[in-house]
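Structural overview for review
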Amino acid sequence: MFGANSRIPFGLGAIGSALGLWFGWASTSDYAAHLDRQLHDLHCSYVPGAAATSEAEACRAALYSPYSALLKDQYWGGVPISLFAVGAFAFILGFALYLAFAGGRAPKKAVVFFGLVGLTPLLVSGVMFFISLTKLGTFCKTCVGIYVGSFVLALGALLGFMTLRGSGATGPTGTIPGTPYDPPADAPRGRPAMSLLFPLAWLAALGIWTATPAYIYTTAIPNHRAHLDKCGKLNKPKDEKNSLLKVAASRAVQPVTFFEDPLCPTCKAFHDRLVGEGIFPKLDVTLVMFPLDSECNWMLDHSMHPGACTVAKAVLCGDTRALSVLEWSFENQEELTAAGKAGKSSLVAAIERRWGADMVACIDKKETEVRLNNHLHYATDNAIPVSTPQMFIGTQRVCEEDTDIGLVYTIAQLAPQVMK
Amino acid sequence: MSASRMVPAIVGVLVAAGLLTTVTLGVRSALASAERRLKDPNAAKPKVAVADHAEEKYCTPRFKQVLERVLHSCGLLEANSRRGCKPADVKSFASINDDDFNELFLPLKHRGAVLKFETGKHELDESAKKLLAERWDARRGARYFFVVGRASSVGDTAKNRALSHRRANSVQFFIKENRKEPDLEKKIGLLWLGEEFAQLPKEFCEWPNSSPSEKCNQDSINRSAFVSWVDCRL
């Protein structure tokens, strides 16, 4: 397909590396921007260089996922995994250009090295693709850009291998390792030989290129520790009316209080994050229902999540199954939200289908209404912000800014036993 | 080896090194920028409301002024002070005449209720208990629960004062016994007016009361305790 002197496979590899580098950098810069604890638009497009956008749910899901960074318990947000990709692609791009310029004069070992190294990003991309498919259920466009870059690079690497067929001639013994063999004008053209030390040195260089940006990142990352405990406390943590829900797993080591709205998408995402990071099973949870629905919550002049009061009552009625009911409401949030907007009867029907008539009878009880009211008064007594979700570690409120990419670091700092 | 043969390697090294340098500088720059914004955020944080008690439209400045005076004077806002207010207290602390006092409570027509008593009695009957429990449980966002005991003008003034006190206490005791809640003293504002202050006019017969089927007149509506949650912040 390609002759021994063809430069096309390496050019292809360079293009793939450049794509991977570009998308990797876009993802990294998005990540770094969030270290100021504010919300930012994301670069989330298949087009390299496209502007950041707020319409980036899939990219935000990837950004907040447990798989987006390493060392999250040591650094706020961790070290983005895309940063390693950026370093690796930078090295491979340089190597691909070297081979593209050298053409048939490049040593065989260099081509073999490129062939092997060029496949690596595709393997990593395959793993990340699988995670996106099975764990996140969505594909971030920037990530797809990296996958495509990895694929093009791998294609170039494979085609590069093919240029070795029929180019068996190597330089004479005594050629200085690493220097292209300069054959006499009348000698058949072939690839020069070189010492095995060179591939080892390139491998070491690849390691340095891959690790250096991450190392620099860890030395320059802002210190967030001082910001973690500046968001208030529970002033009256005691549940004097014995109304709140208790959800403790057998491995629970840290008392926490959650204020949750079962129809709040952010609550669902936060819960998924806690479960995904393996944090939730270690929490001794006190659950306070705080539906942002004016049907029961006097703090709102309009319902942000119509029907949330009814679903919150269902969670209360769940009692020992309260967590199951809450997780069910998260899993079926779109359907329940639509039912809530359609009217109470639609919502109650959806609840009855899953949890039976007893649950509906309990929802309609006066006691349940009073209990939910007690939850809302618990929020009032503690003067918490009218928003969900909210997490208190002990009595210390976790800042909203620390509930996404900084969550693991925050937990590690405020409740280190959870991360052990 | 000719220098030209070195060119591809040099190009490769320069590109890779240049990219690494660029990436490294870019990382440092991005993080330094984030740190600057972290220390000096240019975007003001959106103001989020704080959970608080309800504040309904009827909580006019005048209403709240009287409410606050009564709550202070009747020991609701200060710990370890005496509980409740007798007619003379209300007269002096509320600084308001009878009609104006009653008028303040008009917006509570559907929030509150009148618990009626037998002549000379202070015990709550079953329908009064039921209505009281209903009203208590319909708290929503209210902070204070008002109990205003009264007596009709029939009989001795001093006895009527004591009777209205016992009626107000009956309400309070029922709540204490049936709703085991902490800090009830800080929620319930207890007043007893006897026959001396702010007698209810006959129009209050139209209010929700514990014996709606019985004949209602000026006397019977005042053999009562008015109860209501008050949705005002102080």
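Quick caveat, the model's predicted, so the values are computed rather than measured.

Topic: the domain arrangement of chain A
All names here are of chain A. Each assigned domain of chain A is listed here: domain 1 (8-220) and domain 2 (245-419). The partner domain 2 presents 13 residues to the 13 residues of domain 1 that form the contact. For the pair domain 1 and domain 2, the summed buried surface comes to about 1,200 Å²; carbon and sulfur atoms form 64% of the total. Looking only at domain 1, the three residues that lose the most surface to domain 2 are Arg37, Tyr64 and Trp76, adding up to 50% of its buried area. A salt bridge links Glu277 to Lys72; the nearest nitrogen and oxygen atoms lie 3.2 Å apart. One can count 5 residue pairs in polar contact (both at pLDDT 80 or more) joining domain 1 with domain 2. Partitioned by chemical class, the residues of the side of domain 1 that touches domain 2 number 6 nonpolar, 4 polar and 3 charged.

Some points on the state of the cysteines
Residue and element names in this part refer to chain A. Inspection of the entire model under this criterion finds 6 disulfides over all chains. The disulfide bridge from Cys44 ends at Cys59, spanning 1.9 Å between sulfur atoms. Taking the sign of the torsion about the S-S bond as the criterion, the disulfide between Cys44 and Cys59, at about 80°, is right-handed. Of the two residues, Cys44 sits in the loop between helix H1 (8-33) and helix H2 (57-64) while Cys59 sits in helix H2, which places them 15 residues apart along the sequence. Here Cys296 pairs with Cys309 through a disulfide, and the sulfurs are 1.9 Å apart. Handedness here is read from the sign of the S-S torsion; for Cys296 and Cys309, about -85°, the answer is left-handed. Here Cys309 lies in helix H8 (residues 308-318) and Cys296 lies in the loop between strand E5 (283-289) and H8, a separation of 13 residues in the sequence. Residue Cys296 shares its accessibility class with Cys309, and that shared class is buried. Disulfide partners in chain A, listed by the sequence order of the bonded cysteines, are 1-2, 3-8, 4-5, 6-7.

Brief notes about helix H6 (residues 157-178) of chain B
Residues and elements named next belong to chain B. Between its first and last C-alpha atoms H6 spans 32 Å; for 22 residues at 1.5 Å apiece the expected length is 32 Å, and the two agree. Of all the positions in H6, only Asn160, Leu163, Ser164, Arg167, Ala168, Asn169, Ser170, Val171, Gln172, Phe174 and Ile175 are classed as buried. Those residues of H6 that are buried lie in contact with strand E1 (113-116), helix H5 (126-137), strand E2 (144-149), strand E3 (188-192), helix H7 (218-222) and strand E4 (224-230). Near the N-terminus of H6, the side chain that reaches the backbone nitrogen of Ala158, with its oxygen 3.1 Å away, is that of Asp156.

Focus: the domain arrangement of chain B
By a widely used convention, the size of an interface equals the accessible area lost when the partners come together. Per the domain assignment, the segments of chain B are domain 1 (1-48) and domain 2 (61-230). Taken over C-alpha atoms, the centre of domain 1 of chain B sits 73 Å from the centre of domain 2 of chain B.

Quick look at the packing of aromatic side chains
Residues and elements named next belong to chain A. Considering all chains together, one arrives at 25 aromatic pairs over all chains under this definition. Judged by centre distance (5.7 Å) and plane angle (65°), the rings of Phe91 and Trp209 are edge-to-face. Residue Phe91 is located in helix H3 (residues 81-102), and its partner Trp209 is located in helix H6 (residues 197-220); the two are separated by 118 residues in the primary sequence. Judged by relative accessible area, Trp209 falls into the buried class, the value being 16%. Geometrically, the ring pair formed by Phe95 and Tyr98 is edge-to-face, given 5.6 Å between the ring centres and 85° between the ring planes. Taken together, the residues Phe95 and Tyr98, both in helix H3 and 3 residues apart, mark about one turn of the helix. Like Phe95, the residue Tyr98 is buried in the burial classification. For Arg354, the ring lying beneath its charged end belongs to Trp355, and the centroid distance is 3.9 Å.

Notes on the pairing of E1 of chain B
All names here are of chain B. Side chains Ala113 and Leu115 of E1 all project onto a buried face; the interleaved residues Val114 and Lys116 project onto the opposite face, where all are buried too. Here 4 bridges tie E1 to E4, and the two strands are oriented antiparallel to one another. In the sheet register, Val114 faces E4, and the bridge partner there is Phe226.

Focus: the environment of Asp301 of chain A
Residues and elements named next belong to chain A. Within the secondary structure layout, Asp301 lies in the loop between E5 and H8. For Asp301, a relative accessible area of 72% puts it in the exposed group. Separated by 2.9 Å, the side chains of Asp301 and His302 make a polar contact.

Observations regarding the confidence of the model for chain B
Residue and element names in this part refer to chain B. The predicted model of chain B averages 87 in pLDDT, with 91% of residues at 70 or higher. No element of chain B has a lower mean pLDDT than helix H3 (residues 87-94), at 69, and none a higher one than E1, at 96. Per the prediction output, this complex has pTM 0.84; the corresponding ipTM is 0.86.

A closer look at the pattern of salt bridges
Residue and element names in this part refer to chain B. Tallied over the entire structure, the rule returns 17 salt bridges over all chains. In this structure, the salt-bridge partner of Glu35 is Lys39, at a minimum N-O distance of 3.8 Å. Of this pair, Glu35 and Lys39 both sit in helix H1 (residues 3-39), 4 residues apart, which is roughly one turn of that helix. You can call Glu35 partly exposed: its relative accessible area is 26%. The exposure class assigned to Lys39 is exposed, which follows from its relative accessible area of 64%. Glu181 is paired through a salt bridge with Lys187; the nearest N and O atoms lie 2.7 Å apart.

Parameters at a glance
- Counting restarts for each chain, with residues numbered from 1 along the sequence as it is written.
- Ligands are numbered from 1 and chains lettered from A, in the order in which they are written.
- Reporting in this predicted model follows two pLDDT cut-offs: at least 70 for local features of residues, and 80 or more for side-chain atom pairs to be given and counted; totals over whole chains, interfaces and linings ignore these cut-offs and use all residues.
- Water and hydrogen atoms play no part in the side-chain values, which are based on all heavy atoms of the structure.
- Segmentation of the chain into domains, including their bounds, is taken from an automatic or database domain assignment.
- We call two residues in contact whenever any of their non-hydrogen atoms come within 4.5 Å of each other.
- Accessible area, probed at 1.4 Å, shrinks when two parts are joined; the buried area is that loss added up over both.
- Definition used for salt bridges: Asp or Glu carboxyl oxygen within 4 Å of a side-chain nitrogen of Lys or Arg.
- Think of a polar contact as two N or O atoms within 3.5 Å of one another; within protein, one of them needs to be a possible hydrogen donor and the other a possible acceptor, and neighboring residues in sequence only count if both atoms come from side chains.
- Each residue gets one of three labels, nonpolar for Ala, Val, Leu, Ile, Met, Phe, Trp, Tyr, Cys and Pro, charged for Asp, Glu, Lys and Arg, and polar for the others, Gly among them.
- Cysteine sulfur pairs qualify as disulfides if the two atoms are within 2.5 Å.
- Secondary structure counts use DSSP, requiring at least four H or I residues in a row for a helix and at least two E residues in a row for a strand, with both numbered from the N terminus.
- Here's how the labels work: a residue is buried when its accessible area is under 20% of the maximum for its type, exposed when over 50%, partly exposed in between, all with a 1.4 Å probe on protein chains only.
- A helix's residues, less one, multiplied by 1.5 Å, set its expected span.
- Between rings of Phe, Tyr and Trp, where Trp is taken as its six-membered ring, a pair exists when centres lie within 6.5 Å; planes separated by under 30 degrees are stacked, by over 60 edge-to-face, and by other angles tilted.
- Whether a charge sits over a ring depends on NZ of Lys or CZ of Arg being within 6 Å of the ring centre and within 35 degrees of the ring normal.
- Two strands qualify as a pair provided that DSSP identifies no fewer than 2 bridges between them.
- The quantity known as pLDDT measures the predictor's confidence residue by residue, on a range of 0 to 100.

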